[in-house]
Amino acid sequence: MTTSPVSLLVAKLADDIRSGKLLPGARLPTHRQLAVRHGVAVASASKVYAQLTSMGLVIGETGRGTFVRDRPQQREWDSGDEARLSASTVDLSFNHPTWPGQADLLRTMLRELASCGDLAALLHQQPPGGRRHERRIVAAFLARARGIRAEAEQVFLVNGAQQGLDIAVRALLRPHDAVAVDALTYPGFKMLAEIQGLALQPVPGAPEGPDLEALDALCRRQRIRAIYAMPTLHNPLGWVLTAGQRGRLAEIARRHDCLLIEDASYAYLADNAPPALATLAPERTVHISSLSKSVASGLRFGFVVVPETCAGRVKAVIRASYWSLPSVVTTMATRWVANGTVARQEKLMRSEARRRQAIARDVLSGMDVAAHPASLFLWLRLPEDLRMDRVTTALAACGIAVSKAEAYATTRHAPHALRLGLASMPAERIRPVLGQVRGVIERFPV
Ligand SMILES: Cc1ncc(COP(=O)(O)O)c(C=O)c1O
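Criteria and thresholds
- Residues numbered from 1 in each chain as written.
- Predicted model: local features only at pLDDT ≥ 70, side-chain atom pairs only at ≥ 80, totals over all residues.
- Heavy atoms only, no water.
- UniProt positions renumbered as here; feature names shortened; annotations may be inferred.
- Phe/Tyr/Trp six-rings, centres within 6.5 Å; stacked < 30°, edge-to-face > 60°.
- Helix = DSSP H or I, 4+ residues; strand = E, 2+ residues; numbered from the N terminus.
- Buried < 20%, exposed > 50% of the residue type's maximum accessible area, 1.4 Å probe, protein only.
- Lys NZ or Arg CZ within 6 Å of the ring centre and 35° of its normal.
- Core = buried A, V, L, I, M, F, W, Y, C linked by side-chain atoms within 4.5 Å.
- Contact = heavy atoms within 4.5 Å.
- Domains from an automatic or database assignment.
- Near = heavy atom within 4 Å.
- Polar contact = N/O pair within 3.5 Å; in protein donor to acceptor, adjacent residues only side chain to side chain.
- Areas by Shrake-Rupley, 256 points an atom, 1.4 Å probe, with all protein chains shown as cover.
- Pairing = 2+ DSSP bridges.
- Axes fitted to C-alpha atoms, helices over the stretch in contact; angles between N-to-C directions.
- Salt bridge = Lys/Arg side-chain N within 4 Å of Asp/Glu carboxyl O.

As recorded by an unreviewed UniProt entry, the protein chain carries the name PLP-dependent aminotransferase family protein and is attributed to Verticiella sediminum. Within the UniProt record for the protein chain, the comment given under Sequence similarities (unreviewed entry) is "In the C-terminal section; belongs to the class-I pyridoxal-phosphate-dependent aminotransferase family."

Put into structure tokens, the structure is as follows:
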């Protein structure tokens, strides 16, 4: 039983936060006010806030006070058991990059926006796909940072890579079209395919990438309209295709007249990757990426580069659906792109990912792990006779949420494996949390 005044107060405030009685962002009483209100010492009030902070429920900002934390790890949008994560769960199933300085970056930008000459322009409707000067900024960034040459008219601003995929599919494919995908692929594309009625055709994976001969054979057997690929930092396996593999992939797409959907959401993490598919086969590649994995997943800013011949259809779909992004978002994001913030942040995340991955490798050494050294996630294969479900249930009981292989599998049988995201938790939690994961797995009788 919890009887100390501190524990009682922690439990009460935690309850109020979890039940929504105290809303995210609400300012909490000062330590002194809390002490007076509940008849406890100021030191006890400080202990209460320290415990709530370590539970991830509140956040203290120097000189400003203590606030109820907005909790991205609460996956209110999902249904199902795994989604009912408590506020204190460590969520390794999503990668929401959080980094020191994120709040300051936003604060500075909001001040900059507030003092800009024509503030009302932020309330103006944008043309479908974005304002030309902002599309130009993104086109210049793609040339500089990714080696992709495209006119501003081929670049469309979207609400994250997921919407980019949706727009591409709706503009360029039809229900029942067959799309080749990796046997393990990004779950968001699977969901989209289901909603849009696409027929996904799995291509077996070799350790270093898709089996391209199997892909070629598949394209010879049946009409494949598109190939969905993540050539640089594949989610979940982390592979980076060589120049030779990319050339072969482009050649297969050309020979069988397939559209290439290149998802580059995590590509920025790999230093010196070979050229993007969009440079090898620009006439048939839709290249999609966002700032979700480098700057912030809640910013909702992404971009799609399409072949010139597809721009009209893409624009029509955008016009018929979301029309344009909010100008506040595009102004902030393109200013960060233009003033070098995004490039700096990408560099920072590359070294942060390497650091996190090295810790993870160390903690999980001897286990069957597949990951790129600069990846923000890893693929942990479980011993054959270990049931994935039992492991995830045991991990959930310890307050750790992970993704199961079945979310990624496009084949009937999913391998027994887990994907662990390393971006959402503070770096200092990686060692203890992965140590717990290891402990749980090793406790199961094999
Ligand atoms: C491979 C891949 N593509 C697309 C997305 C969607 O990203 P966004 O948040 O930019 O919509 C994700 C997000 O996890 C991803 O992993």
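Read on, since the account is not over.
1. Observations regarding the packing of aromatic side chains
The final tally for this structure, using the stated rule, is five aromatic pairs. Ring geometry for tyrosine 266 and phenylalanine 377: centres 4.9 Å apart, planes at 80°, overall edge-to-face. One end of the pair, tyrosine 266, is in the loop between strand S10 (259-263) and helix H10 (277-280); the other, phenylalanine 377, is in strand S14 (residues 377-381), with 111 residues separating them in the sequence. By relative accessible area, phenylalanine 377 is classed as buried at 1%. Counting every residue linked through ring pairs, the aromatic cluster contains Phe141, Phe301 and Phe303. Taking NZ or CZ as reference, arginine 135 lies 4.7 Å from the ring centre of phenylalanine 156, over its face.

2. So, the nonpolar core
Val155, Phe189, Ile261, Leu291, Leu299 and Phe301 are the most contacted members of the largest nonpolar core, which has 70 residues in total. With seven residues, helix H6 (residues 160-172) is the single largest residue contributor to this core. Contact partners of valine 155, with chain neighbours within four places excluded, come to Gly129, Arg135, Val138, Ala139, Leu142, Ala150, Phe303, Val304 and Val305. Core analysis: the next-biggest nonpolar cluster, separate from the first, contains 57 residues, Leu215, Val369, Ala409 and Val437 among them.

3. Concerning the domain arrangement of the protein chain
Partitioning the protein chain into structural domains gives domain 1 (5-68), domain 2 (81-100 + 343-443) and domain 3 (126-339). Placing the centre of domain 1 and that of domain 3 at their C-alpha centroids yields a distance of 44 Å.

4. Concerning the site of the ligand
Neighbouring the ligand are 13 residues; Ala161, Gln162, Asp263, Ser290 and Ser292 lie closest to it. A distance of 2.7 Å separates an oxygen atom of the ligand from a polar backbone atom of alanine 161. For the ligand, a nitrogen atom lies 2.6 Å from a polar atom in the side chain of aspartate 263. Out of a free accessible area of 400 Å², the ligand has 90% covered by protein chains. By residue number, the principal contributor to the shell around the ligand is H6, which donates three residues.

5. Points about unusual backbone geometry
The omega torsion across asparagine 235 and proline 236 is 20°, close enough to zero to call that bond cis. Tracing the sequence through the fold places proline 236 in the loop between strand S9 (226-229) and helix H9 (243-255). Here the phi dihedral of aspartate 257 falls at roughly 55°; this positive angle occurs in a residue that is not glycine. Mapped onto the secondary structure, aspartate 257 falls in the loop between H9 and S10.

6. Observations concerning the environment of alanine 278
Among the structural elements, alanine 278 can be located in helix H10. The class for alanine 278 is buried, based on a relative accessible area of 9%. In this structure the C-alpha to C-alpha distance between alanine 278 and threonine 242, which are 36 residues apart in sequence, comes to 15 Å. The contacts of alanine 278, once residues within four sequence positions are left out, are Ile148, Glu262, Thr285 and His287.

7. Some remarks on the sheet that holds strand S6 (residues 199-203)
Ordered in space as S4-S12-S11-S10-S9-S5-S6, the seven strands form an open sheet in which the pairing is mixed. Each of the sheet's edge strands pairs with one partner strand only, and the pair in question is strand S4 (155-158) and S6. Sheet twist, expressed as the average angle between the axes of neighbouring strands with direction ignored, equals 20°. Here strand S5 (residues 178-182) pairs with S6 via five bridges, running parallel. The residue bridging aspartate 182 from the neighbouring strand is valine 203, located in S6.

8. Here we look at the pattern of salt bridges
In total, this model carries 27 salt bridges according to the counting rule given. With a closest N to O distance of 3.1 Å, arginine 170 and aspartate 166 form a salt bridge. A residue pair is termed a helical-turn pair when its members lie 3 or 4 positions apart in one helix, as arginine 170 and aspartate 166 do in helix H6 at four residues. Judged by its relative accessible area of 17%, aspartate 166 is buried. Glutamate 251 is paired through a salt bridge with arginine 248; the nearest N and O atoms lie 3.3 Å apart. In this pair, glutamate 251 and arginine 248 both sit in helix H9, three residues apart, roughly one turn of the helix. Taken together, the salt bridges that share partners define one network made up of Glu213, Asp216, Arg220, Arg248, Glu251 and Arg255.

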